[in-house]
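The chain contents come next:
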Amino acid sequence: MGLLDNIFKPKWKNEDENVRLEAVKEINDQKILTEIVKNASHEDVRLAAVRKIDDEAVLADVAKNDSDYGVRKAAVERIDDEAVLADIAKNDSEKWVRKAAVEGIGDEAVLTDIAKNDSDMIVRGAAVEGIGDEAVLVDVAKNDSYEYVRRAAVGKISDEAVLADVDRKSTRLNSSH
């Protein structure tokens, strides 16, 4: 590539990652930002672009398909569509992306499914935070395999008799280990 090629090229297409990163900060055109987030090779440049994108469809595509979990997580944090968030919360390979998706979900049925079935205790604990149904919370408090998740559920239970029952179950669980 010749020296003049970078002079006539937009800064966001420059070979130098730092020049591209600075250029993204000045761009507000959603089409250009979309092109950058879909085609930039450096995750820092894609991350800067995704933080400025408003189009939910583009954000959903990035959240589901970007190779870098930090870029996917940043996209998830800007999505409002609960169906998209639920899909990501149930299917992303990275727990921090799933947790970010869970934090945007208000549907208790989806949160209950995640609280009972996700493979990671951090994600299950985040799901518990959005649940208000005491029956579900009791089930999680009595049956989750990790104390962290059980404590998150117990912290949301208000019925004293139920808490006493959960405490008895917890004591049996802890003494059997």
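Conventions and cut-offs
Residues numbered from 1 in each chain as written. Predicted model: local features only at pLDDT ≥ 70, side-chain atom pairs only at ≥ 80, totals over all residues. Heavy atoms only, no water. Helix = DSSP H or I, 4+ residues; strand = E, 2+ residues; numbered from the N terminus. Rg over C-alpha atoms; globule rule 2.2 N^0.38 Å. Buried < 20%, exposed > 50% of the residue type's maximum accessible area, 1.4 Å probe, protein only. Contact = heavy atoms within 4.5 Å. Lys, Arg positive; Asp, Glu negative; His and termini not counted. Charge placed at Lys NZ, Arg CZ, Asp CG, Glu CD. Axes fitted to C-alpha atoms, helices over the stretch in contact; angles between N-to-C directions. Parallel < 35°, antiparallel > 145°, perpendicular 65-115°, else oblique. Left-handed = near helix turned anticlockwise from the far one by under 90°. Polar contact = N/O pair within 3.5 Å; in protein donor to acceptor, adjacent residues only side chain to side chain.

### What about the overall build of the chain?
Piece 1. A count of helical and extended segments in the chain gives 13 helices and zero strands.
Piece 2. The order of α-helices and β-strands along the chain, N terminus first, is α-α-α-α-α-α-α-α-α-α-α-α-α.
Piece 3. A globule of 177 residues ought to have a C-alpha radius of gyration of about 16 Å, yet the chain, at 22 Å, is considerably larger.
Piece 4. Considering only C-alpha atoms, the chain reaches an extent of 75 × 30 × 20 Å along its principal axes.
Piece 5. For the chain, buried positions account for 41% of its 177 residues.
Piece 6. Contacts in the chain between residues far apart in sequence, at least 24 positions, make up 38% of those at least 6 positions apart.
Piece 7. In the chain, 27 positive and 39 negative side-chain charges are present, and the distance between their average locations comes to 2 Å.

### A short note on the environment of Ser93
Piece 1. Within the fold, Ser93 resides in the loop between α7 (82-91) and α8 (95-102).
Piece 2. The exposed category is assigned to Ser93, whose relative accessible area is 69%.
Piece 3. Among residues more than four places away in sequence, those in contact with Ser93 are Arg72 and Arg98.

### Points about the packing of helix α9 (residues 108-117) against helix α10 (residues 121-129)
Helix packing geometry: the angle between the two helix axes and the distance between the axes.
Piece 1. Contact geometry for α9 and α10: axes closest at 8 Å, N-to-C directions at 150°. What the angle tells us is that α9 and α10 run roughly antiparallel. For the pair α9 and α10, the sense of crossing is left-handed. Residues Leu111, Ile114 and Ala115 of α9 lie in contact with α10, whose contacting residues are Val123, Arg124, Ala127 and Val128.

### Some remarks on the packing of helix α2 (residues 17-26) against helix α4 (residues 43-50)
Piece 1. α4 packs onto α2 with a crossing angle of 5° between their chain directions and a minimal axis gap of 9 Å. Considered as vectors, α2 and α4 are oriented roughly parallel to each other. Of the residues in α4, those touching α2 at Glu17, Arg20, Leu21 and Val24 are Asp44, Val45, Ala48 and Ala49.

### Points about the environment of Ile88
Piece 1. Mapped onto the elements, Ile88 comes out in helix α7.
Piece 2. The exposure class of Ile88 is buried, given its relative accessible area of 3%.
Piece 3. As a C-alpha pair, Ile88 and Ala60 span 28 residues in sequence and 8.9 Å in three-dimensional space.

### Quick notes on helix α6 (residues 69-76)
Piece 1. Those residues of α6 that sit buried are Val71, Arg72, Ala74, Ala75 and Val76.
Piece 2. Those residues of α6 that are buried are in contact with α4, α5 (56-65), α7 and α8.
Piece 3. Sitting at the head of α6, Asp68 places a side-chain oxygen 3.0 Å from the backbone nitrogen of Gly70.

Keep in mind these numbers describe shape, not what the thing actually does.
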